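# Fold and geometry: a report
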Amino acid sequence: ENAAKKLSDIEQGESRLEALEGEYRQLVRAGKEAADALSAHRRSAAVRLGDEVMETLRFLDMPKVRFYVEIRPMRENGKEKFTSLGVDDVDFTVVTNPGDAPQSLSKTASGGEMSRIMLALKCAQAKRAGVGTVIFDEIDTGVSGGTAERIGIKLRELSGGAQVICVTHSAQVAAHAHQHLLIEKKEVDGRAESCVRLLDKEQRVAELARIIGGIEVTEHQYTAARELLKNI
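The rules behind these values
Residues numbered from 1 in each chain as written. Predicted model: local features only at pLDDT ≥ 70, side-chain atom pairs only at ≥ 80, totals over all residues. Heavy atoms only, no water. Helix = DSSP H or I, 4+ residues; strand = E, 2+ residues; numbered from the N terminus. Buried < 20%, exposed > 50% of the residue type's maximum accessible area, 1.4 Å probe, protein only. Polar contact = N/O pair within 3.5 Å; in protein donor to acceptor, adjacent residues only side chain to side chain. Contact = heavy atoms within 4.5 Å. Pairing = 2+ DSSP bridges. Salt bridge = Lys/Arg side-chain N within 4 Å of Asp/Glu carboxyl O. Phe/Tyr/Trp six-rings, centres within 6.5 Å; stacked < 30°, edge-to-face > 60°. Expected span 1.5 Å × (residues − 1). Arc of directions from axis to C-beta. Disulfide = S-S within 2.5 Å.

We now examine the side chain of T93. Along the chain, T93 falls in strand β4 (residues 88-95). Judged by its relative accessible area of 2%, T93 falls in the buried class. Here E70 takes part through its side chain, which lies 3.4 Å from a polar atom of the side chain of T93. When residues no more than four places from it in sequence are discounted, the contact partners of T93 are R66, F67, Y68, E70, P102, Q103, S104 and L105.

Here it is in structure tokens:
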């Protein structure tokens, strides 16, 4: 029986190979159709995402920055490459100075620029993906006071649809939070421990004044802290 089966496989090998090749061609066509449809959706979404990110960047004092989503076909050994995510190579590119050519985001943006571009991307993502919690670690790095306040406004706006946790050393950003938690390191039994506590209104004023101030906090800085909270 084994010998008969092997003989049958050998005799029918060519017809079986033709059937498999035909099935393979059908799968390639179906895969190409699905990949082309996905690429069309990506190109359409890329335009919308680019426009939305640039609108947020204008609000964040980056009116001349241009953000693009570039979609190119993936290639391997000169041929189109199929993956489970389609046939596209997607790259985020920016122009930070007028007249420059678009370059990959990871290669051209400064720390402050990167922070604001990431915030703009997160805002766009949160609206569509329904993200429950968004965490920013020092998103205000390398920005000035006025821009930091705009970042605070945008973070508060984002919190309307998601929980936003932001680690910051900026009084302008911290003032826009619904809740202000202070993280401190203390020595307990000879070991350093991190402590987190929720600040009440007066404690919050004192902490914002400390962030604004220098070695000694003055009454002017307390007044500035109260103004920050009053205007929100």
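Let's shift gears to the pairing of strand β8 (residues 181-188). In regular strands, side chains alternate between the two faces of the sheet. Where β8 lies against strand β9 (residues 191-198), eight bridges are found, and the strand directions are antiparallel. Paired with E184 across the two strands is C195, which belongs to β9. If you look at the hairpin formed by β8 and β9, you'll find two residues sitting between the two strands, and D189 has a positive phi there, around 55 degrees.

What follows deals with the pattern of salt bridges. This model, assessed by the stated rule, comprises twelve salt bridges. A salt bridge links E227 to K230, with the nearest nitrogen and oxygen atoms 3.3 Å apart. Within this pair, E227 and its partner K230 are both found in helix α8 (residues 219-230), separated by three residues, close to a single helical turn. With a relative accessible area of 35%, E227 lands in the partly exposed category.

Following the criterion strictly, the structure yields one aromatic pair and no others. Seen in terms of ring centroids, F67 and F92 are 5.4 Å apart; in terms of plane orientation they differ by 55 degrees. Their pairing is tilted. Residue F67 is found in strand β1 (residues 66-73), and its partner F92 is found in strand β4; the two are separated by 25 residues along the sequence. For F67, a relative accessible area of 1% gives the class buried.

Turning to α8, a few remarks are in order. Counted at 1.5 Å a residue, the expected span for α8 with its twelve residues is 16 Å, and the 16 Å between its end C-alpha atoms agrees. Burial in α8 covers these residues: Q221, A225, L228 and L229. Angularly, the buried residues of α8 cover 95 degrees about the axis, an arc narrow enough to put them on a single face. Residues E219, H220 and K230 are exposed on α8 and point more than 90 degrees away from its buried face. Where α8 is buried, its residues touch α6 (171-174) and α7 (201-212).

Pairing within the open sheet is antiparallel, and its three strands lie in the order β1-β4-β5. The open sheet is flanked by β1 and β5 (103-104), the only strands paired with a single partner. In this sheet, β5 lies alongside β4 in antiparallel orientation, the contact comprising two bridges. In the sheet register, T93 faces β5, and the bridge partner there is S104.

With that settled, the discussion passes to the side chain of S170. Take S170: it is sitting in the loop between β7 (163-167) and α6. Every residue in contact with S170, bar those within four places of it in the chain, is listed here: D140, A148 and I211.

Taken as a whole, this structure holds zero disulfides when the rule is applied. Lacking any disulfide linkage, C123 is separated from the closest cysteine sulfur, that of C166, by 11 Å. You can call C123 buried: its relative accessible area is 5%. When its relative accessible area of 26% is taken as the criterion, C166 is described as partly exposed.

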